[in-house]
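Letter by letter, the chains look like this.
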Amino acid sequence: QYREPAQLQALSAGRTRPALTCEVEFVSAEDKLVIVVRVPLADRPVGTASGRYLRRAIGGRGAPECLPYHFHEMQAFLATRGVMDYTALPVPEAHWRDLDPLEFERFRRFIRESRGQGDAALLELTDIELAKSLGAIEANHEPQAIRVLALLLFGREEAIRRYIPTHEVAFQVLSGVRVETNEFFRYPLLRLIDELMTRFRARHREQTEIFIGATRIGIPDYSERAFREAVANALVHRDYTRTGAVHIQWHPDRIEVSNPGGFPEGVRLDNLLVAPPRPRNPLLADAFKRAGVVERTARGVDMMFYEQLRYGRPAPDYGRTTETDVVVALYDGAARLPLVRYLAEQELQGEPLSLDELILLSVAIEHGGVTLQEAARAIQKSTTAAQAALEHLQRRQLITLPPRMGLQYRLSPYAQQELALPHATTPVDEAEQRILEYLEQHGTISRQQAAALCNLSPHQAYRLLNRLVERGVLEASQPKGRAARYRKRAGMR
């Protein structure tokens, strides 16, 4: 009975609250009339005019269906969209006496120990002034409303259990299927960080150490900064409307940190390093920055990546993250000592590698090389940014630039020697093709250029060039020996 798109648009708007205006179009397909409806992304839950709230999801039978849309799910939706900060909600039954004065002192201690990262202006405030400055309470000389944030930061354990029953953290040490440690906590957040760091340091050990002059550099199983940042991120960004604990699981080869609540809107695995900060709980995130717990630049994920890679270990792995949970794994393993030494020397000289450069160097070490497109995906930026990072590595003599687009950037002989890497040779057919393509552009090639181009040792490059000369493909110019240059023999294609 509806023959105009405008009629269906009006129908959808009239039957939804708040009114949702869709785009409707009629198209023909295989002699049938098809109605195409484009639904805009809503920034708040939408129900029917009769007051029903449903959500579309995969049901228990594995097929899409309409399920009840519960209030706590609406709150999680609003928090994910950045419309609502759950930690800013007042808790009507809570009182000032539910907060622990010792936790205010702990907050001040975090600021003092943060080496300038915390907000020192908070140190001189009274407890009430401090809580008000953080947005944890509403007060006019006297506290008038206690917010969720106040309980999370300063609440007594029994008050947290009563008013925020979803808040829980588990620390587990696992050996295969055997559980060695299984502890659960409902402490205020800064006390939790103290407890977890104590347990981390008790199990933490250094594999070995290196000396650069008089400077000693310990090589730990796991970076303490990376672990602390992973835990802080899980506490700050978890969805406190959902049940389920933040889990810190210590496996024989890795540490996994997981929290309820997927990535905030706009954050994905393929843009994790470049997405603008979108905290699910903005007030809580700000309080952690002012306490000096996390980076004030909101680039803690970058720091986690840098800390892992600077010891030659795999980057943090978010591969098991789902729509409902964020999971990050920090892997240990044998550190690449020559790489650690090289990076430390660069830092001591005031020329540290950037995160982009470190990521691309790690990819090149792992795979023997990297193309421009692979580099862009690895640093999650444009090919222009990837090209700039690769050129910086080339200026450091760590990689060699290919003769034309589409080929791999390879580790240079200098990098292989400096980082004590085995020569990752290029297959003969591919190496010959690279040399011929180089000659098309440049006319001649030296033994050293061929070695860098094909990721070969100088002796391997000489043997390859000599084979091409014996086959009549190339000819060597005077003088002979290491200074010889090679070009295509006349008449060869």
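Placed above this text is the structure.
The sections below set out a description of the structure shown in this document.

1. Observations concerning the sheet that holds strand β18 (residues 409-411)
- On the basis of which strands lie adjacent, the open sheet formed by 3 strands has the order β16-β18-β17 and antiparallel pairing. Lying at the two open borders of the sheet, with one neighbouring strand each, are β16 (369-370) and β17 (399-400).
- Alignment of β16 against β18, held across 2 bridges, turns out to be antiparallel. Residue valine 370 lies in a different strand from β18, and its bridge partner there is tyrosine 409.

2. Things to note about the pairing of strand β21 (residues 485-488)
- Pairing analysis gives 2 bridges linking strand β19 (residues 445-446) to β21, with the strands arranged antiparallel. Note on β21: the bridge partner recorded for serine 446 is arginine 485.

3. Quick notes on the packing of helix α13 (residues 372-379) against helix α14 (residues 383-395)
- The N-to-C vectors of α13 and α14 enclose an angle of 100 degrees; their axes lie 8 Å apart at closest approach. As judged from the angle between their axes, α13 and α14 are roughly perpendicular. In this structure, α13 contributes Leu372, Ala375, Ala376 and Ile379 to the contact, and α14 contributes Thr383, Ala385, Ala386, Gln387 and Leu390.
- Here the residues of the contact of α13 with α14 sort into 7 nonpolar, 2 polar and no charged.

4. Observations concerning the packing of aromatic side chains
- Per the counting criterion, the structure on display carries 8 aromatic pairs.
- With a centroid separation of 5.6 Å and 35 degrees between ring planes, the pair formed by tryptophan 96 and phenylalanine 104 is classed as tilted.
- On the basis of relative accessible area, tryptophan 96 is assigned to the partly exposed category, the value being 28%.
- Ring plane angle 45 degrees and centroid distance 5.7 Å describe the contact between phenylalanine 200 and tryptophan 250, whose orientation is recorded as tilted. Of the two residues, phenylalanine 200 sits in helix α7 (residues 189-203) while tryptophan 250 sits in strand β13 (residues 246-250), which places them 50 residues apart along the sequence.

5. Points about the pairing of strand β11 (residues 206-212)
- Taken together, the 6 bridges between β11 and strand β12 (residues 215-220) define a ladder with antiparallel strand orientation. Bridge assignment links isoleucine 212 to a residue of β12, and that residue is threonine 215.
- Linking β11 to β12, which pair antiparallel, is a turn of 2 residues; within it glycine 213 sits at a positive phi near 65 degrees.

6. Some words on the sheet that holds β21
- The strand order across the open sheet built from 3 strands is β19-β21-β20, with neighbouring strands paired in antiparallel fashion. The open sheet has two edge strands, β19 and β20 (474-476), and neither has a second partner.
- As paired elements, β20 and β21 share 3 bridges and run antiparallel to each other. Its bridge partner lying in β21, leucine 474 is registered against lysine 488.
- Set on the sheet, helix α18 (residues 458-470) makes contact with β19, β20 and β21; between it and β20 the angle comes to about 110 degrees.

7. Structural notes on the environment of glycine 266
- Relative to the helices and strands, glycine 266 resides in the loop between β14 (254-260) and α9 (282-291).
- Classification of glycine 266 by relative accessible area gives partly exposed; the value is 32%.
- Distance from glycine 266 to proline 276, taken between C-alpha atoms, is 8.6 Å for residues 10 residues apart in sequence.
- Here glycine 266 is in contact with Asn271, Ala275 and Arg278, once residues within four sequence places are set aside.

8. Here's the deal with the state of the cysteines
- Evaluated as defined, the whole model comprises 0 disulfides.
- Of all cysteine sulfurs, the one in cysteine 22 lies closest to cysteine 66, which takes part in no disulfide; the gap is 14 Å.
- By relative accessible area, cysteine 66 is classed as partly exposed at 47%.

9. Focus on the side chain of serine 223
- Mapping serine 223 onto the fold places it in the loop between β12 and α8 (224-237).
- Reaching out from serine 223, the side chain makes a polar contact with the backbone nitrogen of alanine 226 at a distance of 3.2 Å.
- Non-local contacts of serine 223, meaning those with residues more than four positions away in its chain, are made with Phe200, Glu307 and Tyr311.

10. Overview of the pattern of salt bridges
- Taken as a whole and assessed by the stated rule, the structure comprises 34 salt bridges.
- One salt bridge in this structure joins glutamate 113 and arginine 109, with 3.2 Å as the shortest N-O distance.
- Close ionic contact of arginine 147 with glutamate 138 constitutes a salt bridge, the shortest N to O distance being 3.2 Å.
- Residue arginine 147 is classed as buried on the basis of its relative accessible area, which comes to 19%.
- Here the residues in one salt-bridge network are Glu103, Arg106, Arg109, Glu113 and Asp194, joined through shared partners.

11. Comments concerning a nonpolar patch on the surface
- A cluster of nonpolar residues, Ile35, Val37 and Val39, forms a patch on the protein surface that exposes about 260 Å² of accessible area.
- For valine 37, a relative accessible area of 44% puts it in the partly exposed group.

12. Looking at unusual backbone geometry
- In this chain, arginine 17 is followed by proline 18 through a cis amide linkage whose omega measures -5 degrees.
- Inspection of the secondary structure puts proline 18 in the loop between β1 (16-17) and β2 (23-29).
- With a phi angle near 60 degrees, glutamine 380 is a residue other than glycine that sits in the positive phi range.
- As for its position among the elements, glutamine 380 is in the loop between α13 and α14.
- Even without being a glycine, glutamine 397 presents a positive backbone phi close to 65 degrees.

Rules used in this analysis
Residues numbered from 1 in each chain as written. Predicted model: local features only at pLDDT ≥ 70, side-chain atom pairs only at ≥ 80, totals over all residues. Heavy atoms only, no water. Pairing = 2+ DSSP bridges. Helix = DSSP H or I, 4+ residues; strand = E, 2+ residues; numbered from the N terminus. Axes fitted to C-alpha atoms, helices over the stretch in contact; angles between N-to-C directions. Parallel < 35°, antiparallel > 145°, perpendicular 65-115°, else oblique. Contact = heavy atoms within 4.5 Å. Nonpolar A, V, L, I, M, F, W, Y, C, P; charged D, E, K, R; others polar. Phe/Tyr/Trp six-rings, centres within 6.5 Å; stacked < 30°, edge-to-face > 60°. Buried < 20%, exposed > 50% of the residue type's maximum accessible area, 1.4 Å probe, protein only. Disulfide = S-S within 2.5 Å. Polar contact = N/O pair within 3.5 Å; in protein donor to acceptor, adjacent residues only side chain to side chain. Salt bridge = Lys/Arg side-chain N within 4 Å of Asp/Glu carboxyl O. Patch = residues over 30% accessible without salt bridge, like charges linked within 9 Å, V, L, I, M, F, W, Y side chains within 5 Å. Areas by Shrake-Rupley, 256 points an atom, 1.4 Å probe, with all protein chains shown as cover.

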